[in-house]
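Single-letter residue listing:
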Amino acid sequence: MSQPPRVGSPAPPLDLPTLDGGRVGLDGPRERPVIVSFLRHAG
Amino acid sequence: MHDRKDRIEELGADVVFVAFDEPDELRAKLVAGVDLAFPLAYDPARESYGRWGLQRSPWWKIWLDPGVWKAYARLLASGERLRGGGTDALQLGGDFVVAADGTVVYARPQERDDRPPVGELLRAVKELGS
């Protein structure tokens, strides 16, 4: 288990499928900042 | 949610939600009848949760937290019905803002069942542009 990233550190990798059939990821240069929200359970 | 989407788009940011339930479970419980404003990614293996350091809470931090019971009471009072606890009620989440260059500029991993106000996330995005 890693530690959560700190402010000022590089974001850990993220590359996942989405419910609408696409993918999201943080790899490579981006033009915009991104808010990443990890949810708890769907219940 | 869509009002917030407009505000977030004004600020020039993207949003990604990540959930760990199976896609069918998410469709049935989380997004049924909801027009999703943002992409919802799924990670049943929870590898991304591990990479981002998001842990499972001790049970007592969730179930002995008065805030959790207050939240349930509010939901019931608003007419919501309680549903099953999903696959793992103890897995914690977290909220992060990542700048365009990949640097984390805001980090709020959950330590209990709480989330930051949306305004706090928007401030972190806004500060990137100032």
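Whatever comes next refers back to the structure up there.
Thresholds applied
- The written sequence of each chain sets the order in which its residues are numbered from 1.
- Working convention: letters from A go to chains and numbers from 1 go to ligands, in the order in which they are written.
- Selection of residues for local features in this predicted model requires a pLDDT of at least 70, selection of side-chain atom pairs for listing and counting requires 80 or more, and totals for whole chains, interfaces and linings are taken over all residues.
- With hydrogens and water set aside, each side-chain value is computed from the structure's full complement of heavy atoms.
- Contacts are assigned to residue pairs with any non-hydrogen atoms lying within 4.5 Å of each other.
- By definition, the buried area sums, over both parts, the 1.4 Å-probe accessible area that each loses when the two are put together.
- Any carboxyl oxygen of Asp or Glu that lies within 4 Å of a side-chain nitrogen of Lys or Arg is treated as forming a salt bridge with it.
- Under the rule applied, a polar contact is a pair of N or O atoms within 3.5 Å (in protein, one hydrogen donor and one hydrogen acceptor; residues adjacent in sequence only if both atoms are side-chain atoms).
- A run of DSSP states H or I qualifies as a helix once it reaches four residues; a run of E qualifies as a strand once it reaches two. Both are numbered from the N-terminal end.
- Note that Gly is not counted as nonpolar here; it falls among the polar residues with everything else outside the nonpolar set of Ala, Val, Leu, Ile, Met, Phe, Trp, Tyr, Cys and Pro and the charged set of Asp, Glu, Lys and Arg.
- Whether two strands pair depends on DSSP finding at least two bridges between them.

Draft legend 1. How the structure looks around the interface of chain B and chain A. With 62 residues of chain B in contact, the opposing surface of chain A contributes 34 residues. Both faces combined, the contact of chain B with chain A buries some 4,300 Å², and carbon together with sulfur accounts for 62% of it. Two residues, Arg32(A) and Asp14(B), come together in a salt bridge whose shortest N-O distance is 2.9 Å. Between chain B and chain A we count 25 residue pairs in polar contact (both at pLDDT 80 or more) in total. Secondary-structure elements contributing two or more residues to the side of chain B that touches chain A are helix H1 (2-10), strand E1 (14-19), helix H2 (23-30), strand E2 (40-42), helix H3 (47-51), strand E3 (94-98), strand E4 (104-109) and helix H6 (118-129) of chain B. For the side of chain B that touches chain A, the per-class residue count stands at 36 nonpolar, 14 polar and 12 charged. In the sheet, strand E3 (residues 34-38) of chain A pairs with E3(B) via 5 bridges, with the strands oriented antiparallel. Bridging from a neighbouring strand, Ser37(A) pairs with Asp95(B) of E3(B).

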